[in-house]
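# Examining the three-dimensional arrangement
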Amino acid sequence: YQRRVHGTIAAFRNCVSHRCDMIELDCQLTRDGVVVVSHDNELHRITGKTGQISNTLFKDLPPLSSTIGVTFANKDCKMDPSEQHYIPTLESVFQEFPETVINVDVKEGSDDIIKKVSDLCKKYNREHITVWGTFSDEVVTRCHHHNPNIPLFCSLKTVVKIYLLFYTGLLPFFPIKESCMEIPMLSAISQVFHLSGIRYCLLGFVGWLMMSRLLFRHLRLRGIQTYLWVLNDEESWRRGIKSGAVGLMTDYPTTFCVYMDSVSFDPLLGPKS
């Protein structure tokens, strides 16, 4: 059981023990208003039970399944029987990792969950080491209005805007309120889903445009960090490091740590091996 199930306390402990700089997680809100850590609102994939987190009281949430699929690796992950098999609360994560930077994707996006996440950040004095947001530009805007002290990551709309401005030469003249840009490395995604033909070529071209060292450098100089997701093999890690991105997101921190310890780096070109 070298791999822990995504979104569990055991997984986060494993990340921290392997010197990961940031934990990425997703949040949902239970029927009685508890913020829990889960990518899915639907319970079936993660617990094998029908229903939704939003329609279930926290005390009634079923335990996690012993085996859960890893989306961006086309593999299953088995739970160690000795580990905790429950959906954790965001508060429990904040309590256990008070000094770890945590990236919170506010999946559910209601005003209620935005307020509760903000209140938890204040309660545990971690506004400065939490990053929040989601794909929806409207939700990101509401997050910022509710608590401008918590750094934001870019919505999908903002990411598209940044690339359009960059390739038209106008990006230096436009303000960016977000602190992070998190984008997929499309070449890694195409390998996982075995794309071919026109879709593979189109995704490859768009991916080539997105992996711009010049853009990543420009953003870094403006204090905006770029993270690539989700990179789960050595080739993806090598390309991700060479891209100049500040950070890489992976489902396999143990293996990634072994890889990082095994390679030497050129300061300009990245990994030598």
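So, here is what we can say about the structure in this document. The model shown is predicted, which means the values in this text are computed figures rather than measured ones.

## Examining the overall build of the protein
Counting its regular elements, the protein contains 11 helices and 11 strands. Radius of gyration (C-alpha) of the protein: 19 Å, near the 19 Å computed for a compact globule of 273 residues. The principal-axis extent of the C-alpha atoms belonging to the protein is close to 50 × 40 × 40 Å. Burial analysis of the protein (273 residues in total) assigns 48% to the buried set. A fraction of 60% describes how many contacts in the protein between residues 6 or more apart in sequence connect residues 24 or more apart. For the protein, the exposed area adds up to about 14200 Å²; of that, 57% sits on carbon and sulfur atoms. Both charge centroids of the protein, one from 29 positive and one from 29 negative side chains, sit 5 Å from each other.

## Side note on helix 1 (residues 9-17)
Among all positions of helix 1, only Ile9, Ala10, Ala11, Phe12, Asn14 and Cys15 are buried. Once helix 1 ends, the next one or two residues include arginine 19, with phi positive near 70 degrees.

## Observations concerning the packing of aromatic side chains
Per the stated rule, a full pass over the model turns up 7 aromatic pairs. Look at phenylalanine 166 and tyrosine 167: their rings are 4.8 Å apart centre to centre, the planes differ by 75 degrees, and that puts the pair in the edge-to-face class. Here phenylalanine 166 falls in the buried class, since its relative accessible area comes to 16%. Between the aromatic rings of tryptophan 237 and tyrosine 259, the centroid separation amounts to 5.5 Å while the plane-to-plane angle is 45 degrees, which identifies the pairing as tilted. Placement of tryptophan 237 in helix 10 (residues 234-242) and of tyrosine 259 in helix 11 (residues 253-262) is noted, with a sequence separation of 22 residues between them. In this structure, lysine 107 packs its charged tip against the face of phenylalanine 135, placed 5.7 Å from the ring centre. Over the ring of phenylalanine 94 we find arginine 126; its NZ or CZ atom is 4.6 Å from the centre of that ring.

## Points about a positive patch on the surface
On the surface, Arg213, Arg217, Arg220 and Lys242 cluster together into a positively charged patch. Residue position: lysine 242 is located in helix 10.

## Quick look at the sheet that holds strand 6 (residues 130-133)
Spatial strand order, 2-1-5-6: 4 strands in an open sheet with mixed pairing. At either end of the open sheet lies a strand with only one pairing partner, and these are strand 2 (35-37) and strand 6. On average, adjacent strands in this sheet sit at an angle of 30 degrees to one another, irrespective of strand direction.

## Examining the side chain of serine 155
By secondary structure assignment, the location of serine 155 is in the loop between helix 5 (137-146) and helix 6 (156-167). For serine 155, a relative accessible area of 0% puts it in the buried group. What serine 155 contacts, discounting residues up to four positions off in sequence, is Thr134, Phe135, Ser136, Asp137 and Val140.

## Some remarks on the pattern of salt bridges
Applying the stated rule across the entire model yields 12 salt bridges. Taking the shortest distance from any N to any O, the salt bridge between glutamate 91 and lysine 123 comes out at 2.7 Å. Taken together, the residues span a long stretch of sequence, with glutamate 91 in helix 3 (residues 90-96) and lysine 123 in helix 4 (residues 111-123) at a distance of 32 residues. A relative accessible area of 56% places lysine 123 in the exposed class.

## Topic: a nonpolar patch on the surface
Nonpolar side chains collect at one region of the surface, where Phe135, Leu156, Val160 and Leu164 lie side by side and expose about 410 Å² of accessible area between them. Among the structural elements, leucine 164 can be located in helix 6.

## Digging into helix 9 (residues 213-221)
Listing the buried residues of helix 9 in full gives Leu215, Phe216, His218 and Leu219. Around the axis of helix 9, the buried residues are gathered within 160 degrees of arc, so they sit on the same side. In helix 9, the exposed residues that point more than 90 degrees away from the buried face are Leu214 and Leu221. Tucked into the core, helix 9 has its buried residues touching helix 6, strand 7 (180-184), helix 8 (197-210) and strand 8 (225-229). In the segment just after helix 9, glycine 223 is the residue with positive phi, at about 85 degrees.

Cut-offs applied
- Residues numbered from 1 in each chain as written.
- Predicted model: local features only at pLDDT ≥ 70, side-chain atom pairs only at ≥ 80, totals over all residues.
- Heavy atoms only, no water.
- Helix = DSSP H or I, 4+ residues; strand = E, 2+ residues; numbered from the N terminus.
- Rg over C-alpha atoms; globule rule 2.2 N^0.38 Å.
- Buried < 20%, exposed > 50% of the residue type's maximum accessible area, 1.4 Å probe, protein only.
- Contact = heavy atoms within 4.5 Å.
- Areas by Shrake-Rupley, 256 points an atom, 1.4 Å probe, with all protein chains shown as cover.
- Lys, Arg positive; Asp, Glu negative; His and termini not counted.
- Charge placed at Lys NZ, Arg CZ, Asp CG, Glu CD.
- Phe/Tyr/Trp six-rings, centres within 6.5 Å; stacked < 30°, edge-to-face > 60°.
- Lys NZ or Arg CZ within 6 Å of the ring centre and 35° of its normal.
- Patch = residues over 30% accessible without salt bridge, like charges linked within 9 Å, V, L, I, M, F, W, Y side chains within 5 Å.
- Salt bridge = Lys/Arg side-chain N within 4 Å of Asp/Glu carboxyl O.
- Pairing = 2+ DSSP bridges.
- Axes fitted to C-alpha atoms, helices over the stretch in contact; angles between N-to-C directions.
- Arc of directions from axis to C-beta.

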